[in-house]
Amino acid sequence: GAGVSQTPSNKVTEKGKYVELRCDPISGHTALYWYRQSLGQGPEFLIYFQGTGAADDSGLPNDRFFAVRPEGSVSTLKIQRTERGDSAVYLCASSSPGNEQFFGPGTRLTVL
Amino acid sequence: AQKITQTQPGMFVQEKEAVTLDCTYDTSDQSYGLFWYKQPSSGEMIFLIYQGSYDEQNATEGRYSLNFQKARKSANLVISASQLGDSAMYFCAMRERDSNYQLIWGAGTKLIIKP
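Note that the structure is a prediction, hence the values are computed from the model and not measured.

What follows deals with the interface of chain A and chain B. With 20 residues of chain A in contact, the opposing surface of chain B contributes 17 residues. Both faces considered, chain A and chain B share a buried interface measuring about 1,500 Å² in area, 53% of it formed by carbon and sulfur atoms. Interface area lost by chain A to chain B is led by Pro43(A), Glu100(A) and Phe103(A), which between them contribute 28%. For the pair chain A and chain B, the interface holds zero salt bridges. Where chain A touches chain B, the interface holds four residue pairs in polar contact (both at pLDDT 80 or more). Put simply, the parts of the chain that give the side of chain A that touches chain B at least two residues each are strand S4 (31–37), strand S5 (44–50) and strand S6 (53–56) of chain A. For the side of chain A that touches chain B, the per-class residue count stands at nine nonpolar, nine polar and two charged.

If you want it as structure tokens, here you go:
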């Protein structure tokens, strides 16, 4: 079956702009996670959805970051007023609760 | 304090040799899980192996095994008979019981297999 997909694969934007990153999880996976990975580092947790609700958003760095999952499947990570420090690879993962997480290929965000 | 420590930023290993990648962790939870993921240059995170804190036997998956030493809080990954395709970043991660299943990650080890 299809794995986790993320679009776009690359996004270049200018400082101050708004961006949306999309994640399409594995069908049937109720848990969805967003992570951010800076160059040379391990991923950093951002937010976790169980179904439609954000069960844990403690990793979002500030209120410029927001994520939704309105129908319990596709999720969108939204970043307002982007800053150069937001440049990173944004990874999405999905799982059945308690099981291993399966990751998408990531979106590489570059803020100029 | 670091919850997951990977002390080897990079390793070179001859093809067909076994390699051990180190991982130590820090948690006060009695119930937790430890994971290893592989990240090739393409960027995708690939799940390799899982060890639960209550598992009495070391986990194995094909050429991968996890040397779990609970008292020392270490969960080293062992790759037997290394192959050129094993060249990648390797990340150790932990899931604590009360963490809403989020993974806490180490900084990774870059493994390069030499022909």
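So much for the structure itself; the text now carries on.
Unoccupied space between atoms shows up once a probe the size of one water molecule is rolled over them. Its volume calculated, the largest pocket comes out at about 550 Å³. Together, 27 residues line the largest pocket, and Leu39(A), Arg108(A), Gln39(B), Ser41(B) and Gly43(B) are the ones closest to its centre. In the lining of the largest pocket, the residues fall into eleven nonpolar, 14 polar and two charged. If you add up the space inside the second largest pocket, you get close to 170 Å³. Lining the second largest pocket we find 13 residues, and of these Gln2(B), Ile4(B), Trp105(B), Gly106(B) and Ala107(B) sit closest to its centre. Looking at the lining of the second largest pocket, the elements with two or more residues in it are strand S1 (4–5) and strand S11 (104–105) of chain B.

Residue and element names in this part refer to chain B. Along strand S8 (residues 64–69), the buried face is formed by Tyr64, Leu66 and Phe68; none of Ser65, Asn67 and Gln69, which line the opposite face, is buried. When strand S7 (residues 60–61) meets S8, the two strands line up antiparallel, connected through two bridges. Among the inter-strand pairings, Thr60 is bridged to a residue of S8, identified as Ser65. Between S7 and S8, which follow one another and run antiparallel, lie two residues, and Gly62 among them has a positive phi close to 60 degrees. Both S8 and strand S9 (residues 74–79) contribute to a ladder of six bridges, which runs antiparallel.

It is worth spelling out the environment of Arg81(A) at this point. Residues and elements named next belong to chain A. In this structure, Arg81 sits in the loop between strand S8 (75–79) and strand S9 (88–95). You can call Arg81 partly exposed: its relative accessible area is 46%. Note: C-alpha distance between Arg81 and Leu32 (49 residues apart in sequence) is 25 Å. Apart from residues lying up to four places away in sequence, Arg81 is in contact with Gly16, Lys17, Asp63 and Arg64.

The subject of this paragraph is the state of the cysteines. Residues and elements named next belong to chain B. Within this structure, the stated rule accounts for two disulfides over all chains. One disulfide bridge connects Cys23 with Cys92, the sulfur atoms lying 2.0 Å from each other. Looking down the S-S bond of the Cys23 and Cys92 bridge, the torsion is -60 degrees, so its handedness is left-handed. Here Cys92 lies in strand S10 (residues 88–96) and Cys23 lies in the loop between strand S3 (19–21) and strand S4 (24–25), a separation of 69 residues in the sequence. Grouping residues by exposure puts Cys23 and Cys92 together as buried.

Each value, and the rule that gives it
- Residues numbered from 1 in each chain as written.
- Chains lettered and ligands numbered in written order.
- Predicted model: local features only at pLDDT ≥ 70, side-chain atom pairs only at ≥ 80, totals over all residues.
- Heavy atoms only, no water.
- Contact = heavy atoms within 4.5 Å.
- Buried area = accessible area lost by both parts, 1.4 Å probe.
- Salt bridge = Lys/Arg side-chain N within 4 Å of Asp/Glu carboxyl O.
- Polar contact = N/O pair within 3.5 Å; in protein donor to acceptor, adjacent residues only side chain to side chain.
- Helix = DSSP H or I, 4+ residues; strand = E, 2+ residues; numbered from the N terminus.
- Nonpolar A, V, L, I, M, F, W, Y, C, P; charged D, E, K, R; others polar.
- 1 Å grid on protein atoms, 1.4 Å probe; cavity = no way out; pocket = protein on both sides within 12 Å on 5 of 7 lines; lining within 4 Å.
- Points joined across faces, edges and corners; volume = space filled by probe spheres on them.
- Buried < 20%, exposed > 50% of the residue type's maximum accessible area, 1.4 Å probe, protein only.
- Pairing = 2+ DSSP bridges.
- Disulfide = S-S within 2.5 Å.

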